[in-house]
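Spelled out from the first residue to the last, the chains are:
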Amino acid sequence: GPILRAEEYWCQGFSEPDAGSDLANIKTTAVLDGDEWVINGQKVWTSLGHFADWIFVVCRTDPTAAKHKGLSFLLCPIAQPGVELRPIRQLTGTAEFNEVFFTDARTKADMIVGPVNGGWGVVMATLGFERGTAFLAQQLRFAAEYAQVVDLARSLQATDDPITRQRIAESYIGLEIMRLTGLRTISQLLNGKPLGPESSIGKLHWSRWHQRLGELEMDLLGPAGLVDAADNDLSARLNTDFRYTFLFSRAHTIYAGSSEIQRNIVGERVLGLPRDPG
């Protein structure tokens, strides 16, 4: 349909000012009014929401239920007076993230995924796919970026330094781990086995790997990494790739579930360790 043809864009309305890693603390509400849901509240860190046509909104539809219960997964059109998006300018100078405000926003009663008050299961399945498959294509960009780093190191004759060579080798090994883990994930899906909490392992790996690659890029660039692009190839590459990578990758270990939350998921739901007392 339009989604597969990239004619219709969607964004994810999960996080709120008081519900990030503790996603069950959602306060955005939805009340059924005839044949429509009426939504009020706020979402934040909504990636590319300013380009989206629809947002799926996790709302509290039963305020008397326990935190993980009473939530519903609604699909809401953005182009209406009740939805306001405000882009958030980031350290990178760009604004991929947004705040989203709902003021009596409306969507049809049947625009719901899963049962009413049963949205938490849909949320967990969505996050499982996000952590397990949504970033598979990103590995191609990572591989291209790694090749650029190797080219830069060679052009600067930095490969003569054994520590730099070791860091490059570690980056290659991490990339191979991503590739093989991705193949394992695809095989699992093709064999009809749904993704489980083990998808958090991959997210933990690639998020920190890309941060380390950005740190290597900045170390290779040296003082050039501190200035804006000038009329030379090194600064042009810096501005378009390496500096952005270094700055944006700071968020990798926070979005799509912080590393602390991922470790708790792996410990409790994969390894069977006791729950975090905190």
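See the structure printed just above.
In this report, the structure presented in the accompanying data block is examined. As the structure is a prediction and not an experimental result, all values here were calculated from the model.

Thresholds applied
Residue numbers here run from 1 along each chain, matching the order of that chain's written sequence. Only residues with pLDDT of at least 70 are given local features in this predicted model, and only at 80 or more are side-chain atom pairs given and counted; all residues enter the totals for whole chains, interfaces and linings. The side-chain values count all of the structure's non-hydrogen atoms but skip hydrogen atoms and water molecules. Helix and strand definitions here come from DSSP, where helices need a minimum of 4 consecutive H or I residues and strands a minimum of 2 consecutive E residues; each element is numbered from the N-terminal end. Each residue is assigned to one of three classes by its accessible area relative to the maximum for its type, calculated with a 1.4 Å probe on protein chains only: buried under 20%, partly exposed between the two thresholds, exposed over 50%. Should any heavy atoms of two residues lie within 4.5 Å, those residues are counted as being in contact. Simply put, an axis is a line fit to the C-alpha atoms, just over the touching stretch for a helix, and the angle between two N-to-C directions goes from 0 to 180 degrees. By convention, the crossing between two helices is left-handed when the near helix turns anticlockwise from the far helix through less than a right angle, and right-handed when the turn is clockwise. For this classification, Asp, Glu, Lys and Arg are treated as charged, while Ala, Val, Leu, Ile, Met, Phe, Trp, Tyr, Cys and Pro are nonpolar and the rest, including Gly, are polar. Throughout this description, a polar contact denotes any pair of N or O atoms lying within 3.5 Å of each other; where both atoms belong to protein, one of them has to be capable of donating a hydrogen while the other can accept it, and for residues adjacent in sequence the pair is counted only when both atoms sit in side chains. Each patch is built from salt-bridge-free residues with over 30% relative accessible area, joining like charges within 9 Å and nonpolar side chains (Val, Leu, Ile, Met, Phe, Trp, Tyr) within 5 Å. Under the convention used here, a 1.4 Å probe and the Shrake-Rupley method define accessible areas, while residue burial counts only the protein chains that appear. Any Lys or Arg side-chain nitrogen found within 4 Å of a carboxyl oxygen on Asp or Glu counts as a salt bridge.

1. Remarks on the overall build of the protein
If you tally the helices and strands in the protein, you get 6 helices and 8 strands. Moving toward the C terminus, one meets the helices and strands of the protein in the order β-β-β-β-β-β-β-β-α-α-α-α-α-α. Overall, the protein is about 70 × 45 × 40 Å in size when its C-alpha atoms are taken along their principal axes. The proportion of buried residues among the 278 residues of the protein is 41%. In the protein, the proportion of contacts linking residues at least 24 apart, taken out of those at least 6 apart, comes to 70%.

2. Some points on the packing of helix H4 (residues 199-221) against helix H6 (residues 259-270)
The geometry of H4 relative to H6 is characterised by a closest axis approach of 9 Å and an angle of 145° between their N-to-C directions. Crossing handedness for the pair H4 and H6: left-handed. Counting all contacts with H4, which are made through Ser200, Ile201, Lys203, Leu204 and Ser207, the residues of H6 involved are Ser259, Gln262, Arg263, Ile265 and Val266. Here the residues of the contact of H4 with H6 are counted per class, giving 4 nonpolar, 4 polar and 2 charged.

3. Side note on the side chain of Ser200
In this fold, Ser200 is placed in helix H4. Judged by relative accessible area, Ser200 falls into the buried class, the value being 1%. A polar atom in the side chain of Ser200 sits 2.7 Å from the side chain of Gln262.

4. Thoughts on a nonpolar patch on the surface
A contiguous nonpolar surface patch, about 400 Å² in accessible area, is contributed by Leu180, Leu183, Ile186 and Leu190. Within the fold, Ile186 resides in helix H3 (residues 162-190). Judged by its relative accessible area of 37%, Ile186 falls in the partly exposed class.

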